[in-house]
Amino acid sequence: MKKALFILLISLFVKFAAFGQSPEARLFDEYGNSISCEEYLSRADAMKIEQANNPNSRIYVIVYEGKERKRDYNSKNVTFKSVLPQYGQAAATIRTMQKRLKLNKVPIQNYIFVNGGFREQFGVEIWLVPSGAGLPKPTPTLEKMKYRKGKPKGFCLDCCG
């Protein structure tokens, strides 16, 4: 009798311990602006596949405005230099990502896009958020940003329009 009661208590404890665990958002991918268009498309496809494999989850995309790495072709070797962003670069990137999803007829209601504020370098974080999980919080590292002149362009315009 004591053994049966002990087993019952242990099984109830395990059941309630597992039930009490709430799902958590998981960082699926992150990158800066120095990736190629082909790599961006590959990551966008992986993001769509991850969401399709987890239909009760949402994709939460945080875009941080920051300095951009530009290719410098002035030397024999291709190098990168860091340049100030143009005002609104994060918003332009978000618009491009949304346009790419719409072109592929992906249900956009499963995606949340957020301007995450400022960081030293431009960056994108892609989170998988299960149903019932809390949304990840942006983690900016700067309070303000200096900008260069010009109108921002989206990301990977050759393939995303």
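Model, not experiment: these values are computed from the prediction.

A. Region of interest: the overall build of the protein. Looking only at helices and strands, the protein features 4 helices and 5 strands. Tracing the protein from N to C terminus, the helices and strands come up as α-β-α-β-β-α-β-β-α. Within the protein, contacts between residues separated by at least 24 positions form 75% of all contacts whose residues are at least 6 apart in sequence.

B. Just the side chain of Glu-125, in detail. On the secondary structure map, Glu-125 appears in strand E5 (residues 123–129). Of the residues examined, Glu-125 reaches a relative accessible area of 7% and is grouped as buried. Side chain to side chain, Glu-125 and Tyr-64 meet in a polar contact 3.4 Å long. For Glu-125, the residues in contact, after removing those within four places along its chain, are Leu-27, Asp-29, Glu-30, Tyr-60, Val-61, Ile-62, Tyr-64, Arg-119 and Thr-139.

C. Local environment of the side chain of Gln-89. You can see Gln-89 is positioned in helix H3 (residues 89–103). On the accessibility criterion, Gln-89 (8% relative accessible area) is buried. Once residues lying within four places of it in the same chain are set aside, the contact partners of Gln-89 are Glu-65, Glu-68, Phe-122, Pro-152, Lys-153 and Gly-154.

D. Highlighting the pairing of E5. Counted residue by residue, E5 has 7 buried out of 7 residues, so it is predominantly covered. Because side chains alternate across E5, one face comprises the buried residues Gly-123, Glu-125, Trp-127 and Val-129, and the other comprises Val-124, Ile-126 and Leu-128, equally buried. By the bridge criterion, 5 bridges tie strand E1 (residues 26–31) to E5 in an arrangement that is antiparallel. Bridged to Asp-29 within E5 is Ile-126. Pairing of strand E2 (residues 58–72) with E5 involves 7 bridges; the strand directions are antiparallel. Across the sheet, residue Val-63 finds its bridge partner in E5, namely Val-124.

Rules used throughout
- Residues numbered from 1 in each chain as written.
- Predicted model: local features only at pLDDT ≥ 70, side-chain atom pairs only at ≥ 80, totals over all residues.
- Heavy atoms only, no water.
- Helix = DSSP H or I, 4+ residues; strand = E, 2+ residues; numbered from the N terminus.
- Contact = heavy atoms within 4.5 Å.
- Buried < 20%, exposed > 50% of the residue type's maximum accessible area, 1.4 Å probe, protein only.
- Polar contact = N/O pair within 3.5 Å; in protein donor to acceptor, adjacent residues only side chain to side chain.
- Pairing = 2+ DSSP bridges.

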